[in-house]
Amino acid sequence: TAMGKKAVHCGAAGAGQAAKICNNMILGISMIGVSEAFVLGESLGLSHQALYDVASTASGQCWALSVNCPVPGPVPGSPANHGYRPGFAAPLMAKDLGLAANAVRAAGVDAELGLRAAELYAAFAEGDGAAEDFSGIVRTIRQRSGGGVDTQASEQNGTTTA
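Residue indices follow the written sequence of each chain, beginning from 1 at its first position. Since the coordinates come from a predicted model, pLDDT governs what is reported: local features require at least 70, and pairs of side-chain atoms require 80 or more to be given and counted, while whole-chain, interface and lining totals use all residues. Here the side-chain values reflect all heavy atoms present in the structure, with hydrogen atoms and water set aside.

### A look at the overall build of the protein
To keep it simple, the criterion reads: Put simply, DSSP marks the helices as runs of H or I at least four residues long and the strands as runs of E at least two long, and each gets a number from the N terminus on. The rule is simple: take the accessible area with a 1.4 Å probe, protein chains only, and divide by the maximum for that residue type; under 20% is buried, over 50% is exposed, in between is partly exposed. Should any heavy atoms of two residues lie within 4.5 Å, those residues are considered in contact.
Assigned secondary structure in the protein consists of seven helices and zero strands. Helices (α) and strands (β) of the protein occur, in sequence order from the N terminus, as α-α-α-α-α-α-α. The proportion of buried residues among the 162 residues of the protein is 40%. Long-range contacts, defined as pairs at least 24 residues apart, comprise 62% of the intrachain contacts of the protein with a sequence gap of at least 6.

If you want it as structure tokens, here you go:
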């Protein structure tokens, strides 16, 4: 019995787990990239909505942007608009990226971004992100960039998201 909308036969025993960790490695790296782009956009004076409107209809379009956008505003259903309550909790992302990192090392694959994403999510899940959605990593990126506060979200809802 399939639990999801689609069942894909991936091969021999263990292939489904391999597909899962590879998919989540793509997602983790994508979310970090989307988050970094929004923090850069903020520092360059670009509104969240303007960046979303461009990227969501151009080559930057991806699930991390169009469904789970890491900043408040553009995607009403995203965790960013709901206090980063988990849809996919950061500790689960950290676990899957840890499994991917172990597989990368065991296979001898040169996957610098996957390994770095695993490090970033491990630290996030052990700290501020322990009870948050994995998209909340945008706040860590902002803090590490010296931004500290998402001024656009503060203006929208009267709160800070640092």
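### Remarks on unusual backbone geometry
Positive phi values are uncommon outside glycine, yet Tyr84 reaches one of about 60°. Mapped onto the fold, Tyr84 is located in the loop between α3 (63-66) and α4 (90-107).

### Some remarks on the packing of helix α1 (residues 15-43) against helix α2 (residues 48-55)
Where we set the bar: In this analysis, axes come from line fits to C-alpha atoms, helices being fitted only over the stretch in contact, and the angle between any two N-to-C directions falls in the range 0 to 180 degrees. Comment on the angle field: the value is read as roughly parallel under 35 degrees, roughly antiparallel over 145, roughly perpendicular from 65 to 115, and oblique elsewhere. In this scheme, a crossing is called left-handed if the near helix is turned counterclockwise away from the far one by less than a right angle; it is called right-handed if the turn is clockwise.
Taken N-terminus to C-terminus, the directions of α1 and α2 make an angle of 130°; their axes are 9 Å apart at the nearest point. Accordingly, the angle class assigned to the pair α1 and α2 is oblique. For α1 against α2, the interelement crossing comes out right-handed. Contacts from Ala37, Phe38 and Glu42 in α1 reach His48, Leu51 and Tyr52 in α2.

### Remarks on the pattern of salt bridges
As a reminder of what qualifies: Counted as salt bridges are all cases of a side-chain nitrogen of Lys or Arg within 4 Å of a carboxyl oxygen of Asp or Glu.
Evaluation of the coordinates by the stated rule reveals five salt bridges. The salt bridge partner of Glu42 is Arg142, with a shortest N-O separation of 2.8 Å. Of the two residues, Glu42 is situated in helix α1 and Arg142 in helix α6 (residues 137-144); the sequence distance between them amounts to 100 residues. Under the relative-accessibility criterion, Arg142 is labelled buried at 1%. The residue Arg139 makes a salt bridge to Glu132 at a minimum N-O spacing of 2.0 Å. Like Arg139, the residue Glu132 is buried in the burial classification.

### Some thoughts on the packing of aromatic side chains
Inclusion rule: Note on aromatic pairs: the rings of Phe, Tyr and Trp (six-membered ring only in Trp) are paired at centre separations within 6.5 Å, and the planes decide the class, stacked below 30 degrees, edge-to-face beyond 60, tilted for the rest.
Per the counting criterion, the structure on display carries three aromatic pairs. Consider the rings of Phe88 and Phe134, whose centres lie 5.6 Å apart with planes at 75°: the pair is edge-to-face. Pair noted here: Phe88 is in the loop between α3 and α4 and Phe134 is in the loop between α5 (112-126) and α6, with a separation of 46 residues, a long-range link. By relative accessible area, which is 1% here, Phe134 ends up buried. Grouped by ring-pair contacts, the aromatic residues Phe88, Tyr121, Phe124 and Phe134 constitute a single cluster.

### Considering the packing of α4 against α5
Convention followed: Following the grouping adopted for this structure description, the nonpolar residues are Ala, Val, Leu, Ile, Met, Phe, Trp, Tyr, Cys and Pro, the charged ones are Asp, Glu, Lys and Arg, and the polar ones are all others, Gly among them.
Two elements in contact, α4 and α5, have axes separated by 8 Å at closest approach and are oriented at 150°. Note that α4 runs across α5; the crossing there is left-handed. Between α4 and α5, the residues in contact are Ala90, Pro91, Met93, Ala94, Leu97, Gly98, Ala101, Val104 and Arg105 and Leu115, Ala117, Ala118, Tyr121, Ala122, Phe124 and Ala125, respectively. Partitioned by chemical class, the residues of the contact of α4 with α5 number 14 nonpolar, one polar and one charged.

### Points about the nonpolar core
Stated formally: Buried Ala, Val, Leu, Ile, Met, Phe, Trp, Tyr and Cys residues that are joined via side-chain atoms within 4.5 Å together make up what is termed a nonpolar core.
One finds Ile32, Phe38, Leu65, Cys69, Leu97, Tyr121 and Ile137 to be the most contacted residues of the largest nonpolar core, which totals 37 residues. If sequence neighbours within four positions are ignored, Phe38 has contacts with His48, Leu51, Tyr52, Leu65, Cys69, Pro70 and Val71.

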